[in-house]
Amino acid sequence: GAGVSQSPSNKVTEKGKDVELRCDPISGHTALYWYRQSLGQGLEFLIYFQGNSAPDKSGLPSDRFSAERTGGSVSTLTIQRTQQEDSAVYLCASSLDGANSPLHFGNGTRLTVT
Amino acid sequence: AQTVTQSQPEMSVQEAETVTLSCTYDTSESNYYLFWYKQPPSRQMILVIRQEAYKQQNATENRFSVNFQKAAKSFSLKISDSQLGDTAMYFCAFLSGGSNYKLTFGKGTLLTVNP
């Protein structure tokens, strides 16, 4: 079946512009996660959704970052007024119920802020 | 807070040989889970193997096995009969039994399998 789909695959934007990154999880997966992977670093947790609710937003780096999930499915990560330090690969993952069930990752969006 | 340390930024191995990737972690919890993920150039993170801390038996998945030393907080990955397709970044990750959703990752080890 279809895996986790992320779009766009790559995004180049100018400093100060807003960007939206999209994640389509596996159908039926109630849990959805966003992680950020900066060059030479591991994955940094950003936010976790259970259904449409975000019980944990603690990883969002600043108030320029926000995320929403609608219909218990698609999620959008928005970065306002992008900065060069926002350049990274943004990975989305979903899991069946969030309780120890395996995470399935998408291929990520590589964001480059010039 | 938990930390995961991978002390080998890069490793290489000849095709068909065996290689071991190291991982140590720090936690005060007794109930947790450990994972190894593989990230090829496609960027997709793929689960390689998983270990529950309460299980003493080391997990195995075909050519992949772990050496889980709970007292030493060590969780190494052994890849036997290495194949060219094993070339990738490998990440060790920790999941608290309490939070059970937030993975903490190490910085990764780039493994290159040479023909």
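Above this text you will find the structure in question.
Note that this is a predicted model, so its numbers are computed, not measured.

Participant: Please explain the pairing of strand β8 (residues 64–69) of chain B as it appears in this structure.
Facilitator: Across a regular strand the side chains alternate sides, sitting on one face of the sheet and then on the other. All names here are of chain B. Sheet topology note: the strand β7 (residues 60–61)/β8 ladder contains two bridges and is antiparallel. Bridging across to β8, E61 finds its partner in F64. Two strands pair when backbone bridges link them, and β8 and strand β9 (residues 74–79) are joined in this way by six bridges, in the antiparallel orientation. The partner of N67 across the bridge, within β9, is S76. Where β8 hands over to β9, the hairpin turn is made up of four residues, of which K73 adopts a positive phi near 55°.

Participant: How should I be thinking about the interface of chain A and chain B in this particular structure?
Facilitator: Accessible area lost upon the coming together of the parts serves often as the stated size of an interface. In this complex, chain A contributes 26 residues to the contact, which on the side of chain B involves 18 residues. Both sides of the chain A and chain B interface together cover about 1,800 Å² of buried area, and 48% of this is carbon and sulfur. Looking only at chain A, the three residues that lose the most surface to chain B are N100(A), F105(A) and N107(A), adding up to 33% of its buried area. Applying the counting rule to chain A against chain B returns one salt bridge. A salt bridge links K102(B) to D56(A), with the shortest nitrogen-to-oxygen separation between them at 3.4 Å. Our count for the chain A to chain B interface comes out at eight residue pairs in polar contact (both at pLDDT 80 or more). Per-class residue counts for the side of chain A that touches chain B are 11 nonpolar, 13 polar and two charged.

Participant: Looking at this structure, I do not really get the side chain of S94(A). What am I missing?
Facilitator: Topologically, S94(A) is positioned in strand β9 (residues 88–95). Taking the relative accessible area as the measure of exposure, S94(A) reaches 0% and is therefore buried.

Participant: What is the right way to read the environment of D63(A) from this model?
Facilitator: All names here are of chain A. Following the sequence through the fold, D63 ends up in the loop between β6 (53–56) and β7 (65–69). A relative accessible area of 68% places D63 in the exposed class. Sequence separation between D63 and Q80 is 17 residues; the distance between their C-alpha atoms is 8.6 Å. Setting aside anything within four residues of it in sequence, one finds D63 in contact with Q80 and R81.

Participant: What should I look at first to understand the pairing of strand β10 (residues 88–96) of chain B in this one?
Facilitator: Residues and elements named next belong to chain B. Within β10, eight of the nine residues are buried, which leaves the element mostly enclosed by the surrounding structure. In this sheet, β10 lies alongside strand β5 (residues 32–39) in antiparallel orientation, the contact comprising eight bridges. Bridged to Y33 within β10 is L95. Across three bridges, β10 lies against strand β12 (residues 109–114) in antiparallel orientation. Looking at β12, one finds that Y90 is bridged to T109. The pairing of β10 with strand β11 (residues 103–105) spans three bridges and is classified as antiparallel. Along β11, the bridge assignment pairs L95 with L103.

Participant: Which parts of the structure should I look at to understand the environment of L46(A)?
Facilitator: All names here are of chain A. Among the structural elements, L46 can be located in strand β5 (residues 43–50). Measuring from C-alpha to C-alpha, the distance between L46 and A67 comes to 9.5 Å, with 21 residues separating the pair along the chain. Setting aside residues no more than four positions away along its own chain, L46 makes contact with W34, Y35, R36, D56, K57, S58, G59, L60, P61, L77 and Y90.

Analysis parameters
- Residues numbered from 1 in each chain as written.
- Chains lettered and ligands numbered in written order.
- Predicted model: local features only at pLDDT ≥ 70, side-chain atom pairs only at ≥ 80, totals over all residues.
- Heavy atoms only, no water.
- Pairing = 2+ DSSP bridges.
- Helix = DSSP H or I, 4+ residues; strand = E, 2+ residues; numbered from the N terminus.
- Contact = heavy atoms within 4.5 Å.
- Buried area = accessible area lost by both parts, 1.4 Å probe.
- Salt bridge = Lys/Arg side-chain N within 4 Å of Asp/Glu carboxyl O.
- Polar contact = N/O pair within 3.5 Å; in protein donor to acceptor, adjacent residues only side chain to side chain.
- Nonpolar A, V, L, I, M, F, W, Y, C, P; charged D, E, K, R; others polar.
- Buried < 20%, exposed > 50% of the residue type's maximum accessible area, 1.4 Å probe, protein only.

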